[in-house]
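# Descriptive structure summary
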Amino acid sequence: MYVLLHLYAAFLFGDSLVHASPSPHGKDWARADIVTCIKGKGVPYSIKGSTDFAALIKPANLRLAYTPAVVTIPTTPDQVTASVQCAAAANLKVQAKGGGHSYASYSLGGKDGSMVIDMQKFGTITVDQSTFVAKIGAGQRLGNIATALYSQGKRALPHGTCAGVGIAGHSLHGGYGYSSRKWGLTLDHIVALDVVLANGTQIHTTSTSYPDIFYAMRGAGDSFGVATYFYLSTVAAPTTVQYFTSDLSASLSTASKATTAFRSLQNYVLTNTALTSDYTFGMYIDSDLTYNIQGWCMDCTLTSVKSTLSGLLSGYKTTPKIQTLSWIDALTAISAPDALSQPLGSSYNYHDTFYAKSLTSRNSIPLSTAAMTAYFQYILNKQSPNTGAFFSIINLYGGPNSAINIPSADSSSFSDRDALWVIQNYGYTGNNLPPFANSIKTLVDGLQSAVTSAQPDGNFRGYLNYVDPALNAQTAALQYYGAATYDKLLGIKTRVDPGLLFWNPQAIGISPAL
């Protein structure tokens, strides 16, 4: 079967499919072969010893620092092609770096000695005023995109809250956001992609042109190619947003009280039609016992939001603060303290030293009383300053009428369409700098297992944009894709990148079929 697949790939993409293997050259990063190739093709690059190299390879997560063999900084798709071809010739693995926000530092290769293709020069943001499709370069960040879209006809996209996150990794692996219950994932708005494949071929892929690549890139893009430009269908931005916040910390007097209040909220989410898809919210709790909720309702009246929140928060006995904001002011509020405008490339200066895990729960399996009691009890038990700093965020993205649930499971390789809650558990050093104590990882692992052990039938999954590098490749494949989707992706990988040129420790192809 694999022989037939390979022959099909040769027919479809030409006979130049490359077979890359791990470099035999150890840590001699700036090898003459790769430098000669890149220089000969006129591609801007940086290697160890270059004045900009340290800045280019400084990771968002300082816990996971890797040293690439070379970083190319292409300015055109042809230079991306040249980078890929040079890496293949030198037997180097490749990863593209868009925003560089990878929790696992996979945008630096996930190991020493890879080629990193830094996409910071791809900064285009233009909206076609006839189709309202936005063309966006792979080096752009979410905050810049939001302001540019709004300035070009008051357009918008669903996307995450952190303004500095790059569009590439975010949209290629999902893209939850506060407007996702109304508009879907960022990924759902991708109508086309310009992609450089492992053999250097440049393609424009859509649902009808190279449909297998279109399927694979939307959910597992890091494993299949380098996206240079994204084409996304935009929507009209809401005229107003009712933005609300409330302090929930009074409920933390006991785990039982906190659980009772949460269960009341969850029941309202699942049963009350007043909570339309215009609403979403996130609940934040941390090691200082800060516990609050923030959310919004798009194009809703203040009166209706007050009524809905009185029911939603009835278990907390709290009065929320509600502000009527413009679209841009609402995005600014949820991005705070970061400004929406963010620099591209290594000029962006977000860094932390952390470990994170995620859980996604099913619409059909609400979080149980036992699970939430264990969750809150664990948090209450870990308030000593010696246990480490952590936070946990529970976001509502699913529920009745969520737009995320609408696309079919096989419409893309993002396979977590029925998530109700998306939970991120995050532990970090007190000053955000190394060294990282392993006890912080133990703390986060314990918070995760408190929930899963108390609800063994929860069928929990994980969210790839909160990637957990501690998972082996097979566990990651099951957590982030599931067996059916992963095996389909594996077949496509075999055809278009049989040598695993596009590689990280959890890339498609590292695990065998599930």
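In the block above lies the structure referred to throughout.
I will try to describe carefully the structure that is included in this document.

Here is what the cut-offs are and how they apply
- Residues numbered from 1 in each chain as written.
- Predicted model: local features only at pLDDT ≥ 70, side-chain atom pairs only at ≥ 80, totals over all residues.
- Heavy atoms only, no water.
- Helix = DSSP H or I, 4+ residues; strand = E, 2+ residues; numbered from the N terminus.
- Contact = heavy atoms within 4.5 Å.
- Pairing = 2+ DSSP bridges.
- Axes fitted to C-alpha atoms, helices over the stretch in contact; angles between N-to-C directions.
- Core = buried A, V, L, I, M, F, W, Y, C linked by side-chain atoms within 4.5 Å.
- Buried < 20%, exposed > 50% of the residue type's maximum accessible area, 1.4 Å probe, protein only.
- Disulfide = S-S within 2.5 Å.

Now for the environment of L447. Checked against the element boundaries, L447 lands in helix α13 (residues 438-454). For the pair L447 and T126, spaced 321 residues apart in sequence, the C-alpha to C-alpha distance is 43 Å. In this structure L447 touches Y375, Y378, I379, F390, S392 and N425, once residues within four positions along its chain are discounted.

Right, let's talk about the sheet that holds strand β18 (residues 419-428) for a bit. Strand order in this open sheet of 7 strands is β15-β12-β14-β13-β17-β18-β16, and the pairing throughout is antiparallel. Edge positions in the open sheet fall to β15 (321-325) and β16 (354-362), since each of these has one partner strand only. Geometrically, the sheet is characterised by an average inter-axis angle of 15° between neighbouring strands, direction not taken into account. Its contacts with the sheet place helix α11 (residues 327-335) against β12 (241-247), β14 (291-298) and β15, and it is angled at close to 160° to β14.

What follows concerns unusual backbone geometry. Here A336 and P337 are connected by a cis peptide whose omega angle stands at 10°. Of note, P337 is situated in the loop between α11 and β16. In this structure, P435 follows P434 across a cis peptide bond, with omega equal to 5°. By the element assignment, P435 lies in the loop between β18 and α13. The residue N459 is not glycine, and still its phi comes out positive at about 50°. Within the secondary structure, N459 sits in the loop between α13 and α14 (473-480).

Glancing now at the nonpolar core. Core analysis: the largest hydrophobic core is formed by 89 residues, its most contacted members being I34, M115, Y176, F224 and F230. Those residues in contact with M115 that lie beyond four places of it in its chain are I34, I38, V70, T72, S83, A87, L92, K93, V94 and Q95. Listed in part, the 43 residues of the second largest apolar core include I285, Y378, A450 and V451.

Going through the model one piece at a time under the given rule, you end up with 2 disulfides. A sulfur-sulfur distance of 2.0 Å marks the disulfide that ties C37 to C86. For the disulfide bridge between C37 and C86, the dihedral angle about the S-S bond is near -80°, and by the sign convention the bridge is left-handed. Pair noted here: C37 is in helix α2 (residues 32-40) and C86 is in helix α4 (residues 77-89), with a separation of 49 residues, a long-range link. Owing to a relative accessible area of 1%, C86 belongs among the buried residues under this scheme. Paired through a disulfide, C297 and C300 show a sulfur-sulfur distance of 1.8 Å.

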